[in-house]
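# Reading the structure
Spelled out, the chains give:
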Amino acid sequence: MDTTQLLRGVLDVAVLAVVSREDGYGYDVLRRLRASGLTDVGDASVYGTLRRLYASGALTSYVVPSEEGPHRKYYGITAQGRASLELQSKQWREFERTMTDLLDLAEAS
């Protein structure tokens, strides 16, 4: 199965989940997503998602100076982002249950 299409549908909630645990800068968020098992997620997709979630008010951002290179733009989750994460988590779990039921029926045939 090509996971790229699945990733497009769930990348927002995946990024919100990662940032809800701890603020992070772009590459850090990408690294944590990959470490969680989303190995096919692309750099541009994550950076675009961060910008889009920030523009929608789901994330906040701040700059942290770095002595080892350019300053890093960190993202944190807002109350709106937490509400969105909660709603999308509920929707995902309902979808997952439905798909599991369908696949179980198919396997039983």
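That block above? That's the structure.
Keep in mind it's a predicted model, so treat the numbers as computed, not measured.

## Considering the overall build of the chain
- Regarding its fold elements, the chain presents four helices and three strands.
- Listing each helix as α and each strand as β along the chain from the N terminus yields α-β-α-α-β-β-α.
- Seen through its principal axes, the chain has C-alpha atoms that stretch 60 × 25 × 20 Å.
- Scored against the burial criterion, the 109 residues of the chain give a buried share of 29%.
- Long-range pairs, those at least 24 residues apart, make up 46% of the contacts in the chain with a sequence separation of at least 6.
- Accessible surface, the chain as shown: approximately 7,400 Å² in total, 54% of it carbon and sulfur.
- Measuring between centres, the 13 positive side-chain charges of the chain sit 6 Å from its 15 negative side-chain charges.

## What to know about the pattern of salt bridges
- Taken as a whole, this structure holds four salt bridges when the rule is applied.
- A salt bridge links Arg31 to Asp28, with the shortest nitrogen-to-oxygen separation between them at 2.5 Å. Linking Arg31 with Asp28, this pair stays in helix 2 (residues 26-35), spanning three residues, or about one helical turn.
- Asp28 gets classed as buried once you look at its relative accessible area, which sits at 9%.
- For Arg34, the salt bridge is made with Asp43, and the minimal N-O distance between the two is 2.8 Å.
- You can call Arg34 partly exposed: its relative accessible area is 31%.
- Overall, Asp43 belongs to the partly exposed group, its relative accessible area being 38%.
- Among the ionic contacts, a cluster of salt bridges with common partners joins Asp28, Arg31 and Arg32.

## A word on the packing of aromatic side chains
- A complete count under the given rule lists four aromatic pairs for this structure.
- Aromatic pair Tyr25 and Tyr74: ring centres 5.3 Å apart, planes at 70°, arrangement edge-to-face. Within this pair, whereas Tyr25 is found in strand 1 (residues 24-25), its partner Tyr74 is found in strand 3 (residues 72-77), the two being separated by 49 residues in sequence. As far as burial versus exposure is concerned, Tyr25 and Tyr74 are alike and both buried.
- Ring geometry for Trp92 against Phe95: centres 5.9 Å apart, planes inclined by 45°, an arrangement best described as tilted. With Trp92 and Phe95 both in helix 4 (residues 79-108), this residue pair falls three residues apart, about one helical turn.
- Note on Trp92: relative accessible area 41%, which makes it partly exposed.
- Members of the aromatic cluster, joined through ring pairs, are Tyr25, Tyr62 and Tyr74.
- If you follow Arg72 out to its NZ or CZ, it ends over the ring of Tyr25, 4.2 Å from the centre.
- The ring of Tyr54 has Lys73 lying over it, and the distance from NZ or CZ to the ring centre is 5.2 Å.

Procedures and definitions
Residues numbered from 1 in each chain as written. Predicted model: local features only at pLDDT ≥ 70, side-chain atom pairs only at ≥ 80, totals over all residues. Heavy atoms only, no water. Helix = DSSP H or I, 4+ residues; strand = E, 2+ residues; numbered from the N terminus. Buried < 20%, exposed > 50% of the residue type's maximum accessible area, 1.4 Å probe, protein only. Contact = heavy atoms within 4.5 Å. Areas by Shrake-Rupley, 256 points an atom, 1.4 Å probe, with all protein chains shown as cover. Lys, Arg positive; Asp, Glu negative; His and termini not counted. Charge placed at Lys NZ, Arg CZ, Asp CG, Glu CD. Salt bridge = Lys/Arg side-chain N within 4 Å of Asp/Glu carboxyl O. Phe/Tyr/Trp six-rings, centres within 6.5 Å; stacked < 30°, edge-to-face > 60°. Lys NZ or Arg CZ within 6 Å of the ring centre and 35° of its normal.

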